[in-house]
Amino acid sequence: MPEPVRVTGGKHAGPAERPYDLVLTDVRAVTPAGVIRGGVAVRDGVLLRFLSAEELPRAARTVDGGGRYLLPGLIDSHVHFRTPGLTYKEDWEHGSRAAAAGGVTTVIDMPNTLPPLLDPADAARKAAMVQGRSLVDYRFHLGVAGGDPSPLLDATPREATSVKVFLAGHHTAPTVVRDPASLARIFGYARESGLRLVLHAEDDGVFELLDNWTGAPGRYLDYERVRPRSGAIVAVAKVLELVRRHGTAVHVLHVSTAEEADLLAAAAHAGLPVTFEVTPHHLSFTAADSARIGARARLSPAIRHERDQRRLWEAVLAGQATTIGSDHAPHTREEKLRPVADAPPGLPGVQEMLPAVFTGMRRHAPWQSPGTHLELIARLLAANPADLFGIDGRKGRLLPGLDADFVLFDADTPWMVTGAAMHSKCGWSAYEGWTMAGQVRLTVRRGQIIYDADAPGTFGPPDGRWLDAARPATPAHPTQGAVR
């Protein structure tokens, strides 16, 4: 069993100054300058300074980190917390607990709810629904309908710096853009407004052709075949042509195939404002797993094959992928037990994301140190999403003056995933039975401890904030900070 985190009052006297609110000692802080051994001091929700290994200033609360790694609070830029309209599957109380238990301190929620978030003016109303219910800080991606994308012109950074576009539909994607002229208008409006498009890039027309020919899948073994890679490749090719034409910044979500990764990496190398995301699910599972565990691993885009998984890991380890997002999209057990054609795609993942990615890195690049892996994770899951979505002025890095958002991570103690340990409202995990290589011990959001692994079931105050943002200048270069 891991050693418990020791939390004490600040009884060791230091200089005669106002005590810090929180001090963490004996940590390996994962900073932009590398891994630094020592401590951190927090006051008024802000990281004030790093401490040497010998310093122990006065503080209202002192945490002995036991030599564990201290990461910046993670930013999950791809969650579906289902508010409003679908809260029987997930809600902010449960989703934010799962996030906190996974080391995530900020989330950006997707717009495909009931009703969907299509008008910038509705962002404040959604924030009011969330206020007082969330452990973590939050932003929203704006949605768009193909028929009238003009509301994009009214969006300011307060409401959104990004717009989600679905190019293919599924059970919880009601606003699919199928018309090429409408899609071109969206690219133009987004460019004019300085908005980044985040794209579900699969081609609905390709899938319609296949459905009319083969019909719906009757077995999970058939699911990848009827939602094949061709739909994603065709969509990405169309997106890149629109980027060339309009100059719009795009971030392609949940890339699932080797060909997509190649196209997007090549486009970025050519100077196009293109970045992309990979999910832990596509890094962890293959189509064989989908056939074995059925609806628990049914996704949209579908989980692909071993060669795709190898290419996605290459993209992650080489710094070609810009972010990792959980695509946390819970459904109830009852929904997942429907007939194959009707079982909705999507699975929970915000709590499992950090340990799943770290475990995969240990397996796919065992010659690298845990610190090297965690430096890359800090970029993919904190610094890069902060940069892409305009919150880098306060989030994403361990730096004095930024929010005191931390994750104390034990990289040395394995543990087994169980459904009972999951905090999502759906109560299950596709990773049940997996042994993970490291675990979150403590999560701090703006100087407050919101999750402590030694006090299971006890969380901090649900006073997460709707964050303001700045309009991002340019996309982060996808090969910046590559680990080779």
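Just so it is clear, the model here is predicted, and its values are computed rather than measured.

This brings us to the packing of helix α3 (residues 180-193) against helix α6 (residues 229-246). Across the interface, α3 lies against α6 with an axial gap of 10 Å and an inter-helix angle of 45°. Relative to α6, the element α3 is oriented oblique. Crossing handedness for the pair α3 and α6: right-handed. Where α3 abuts α6, its residues Leu183, Ala184, Phe187, Gly188 and Arg191 lie against Val239, Leu242, Val243, Arg245 and His246. Among the residues making up the contact of α3 with α6, the classes are represented as 6 nonpolar, 2 polar and 2 charged.

This part takes up the pairing of strand β7 (residues 74-79). Of all 6 residues making up β7, 6 are buried, and the element is well covered by its neighbours. Bridging between β7 and strand β8 (residues 104-109) involves 4 bridges; their strand directions are parallel. The residue bridging Asp76 from the neighbouring strand is Val107, located in β8.

Our focus in this paragraph is the confidence of the model for the protein. Mean pLDDT over the protein stands at 92; residues scoring 70 or higher make up 94%. Considering only residues more than four positions removed or in separate chains, one finds that residues 1-15, a stretch of pLDDT under 50, has 35 contacts. Residue range residues 475-484 is modelled with pLDDT below 50. Its contacts to residues more than four positions away, or to other chains, number 30 contacts.

Here we come to the pattern of salt bridges. As a working rule, side chains carrying opposite charge can pair if their charged atoms are close by. In the structure shown here, the tally under the stated rule is 29 salt bridges. A salt bridge links Asp204 to Arg178, with the nearest nitrogen and oxygen atoms 2.6 Å apart. You can see Asp204 sitting in helix α4 (residues 204-214) and its partner Arg178 sitting in the loop between β11 (162-166) and α3, a full 26 residues away along the chain. Of the residues examined, Asp204 reaches a relative accessible area of 13% and is grouped as buried. Overall, the relative accessible area of 57% leaves Arg178 in the exposed class. Residue Arg338 pairs with Glu335 through a salt bridge whose shortest N-O separation is 4.0 Å. Take Arg338: its relative accessible area is 39%, and that puts it in the partly exposed class. Counted as one network, the salt bridges with shared partners bring together Asp137, Arg394, Lys395, Asp403, Asp405 and Arg446.

Analysis parameters
Residues numbered from 1 in each chain as written. Predicted model: local features only at pLDDT ≥ 70, side-chain atom pairs only at ≥ 80, totals over all residues. Heavy atoms only, no water. Axes fitted to C-alpha atoms, helices over the stretch in contact; angles between N-to-C directions. Helix = DSSP H or I, 4+ residues; strand = E, 2+ residues; numbered from the N terminus. Parallel < 35°, antiparallel > 145°, perpendicular 65-115°, else oblique. Left-handed = near helix turned anticlockwise from the far one by under 90°. Contact = heavy atoms within 4.5 Å. Nonpolar A, V, L, I, M, F, W, Y, C, P; charged D, E, K, R; others polar. Buried < 20%, exposed > 50% of the residue type's maximum accessible area, 1.4 Å probe, protein only. Pairing = 2+ DSSP bridges. pLDDT = per-residue confidence, 0-100. Salt bridge = Lys/Arg side-chain N within 4 Å of Asp/Glu carboxyl O.

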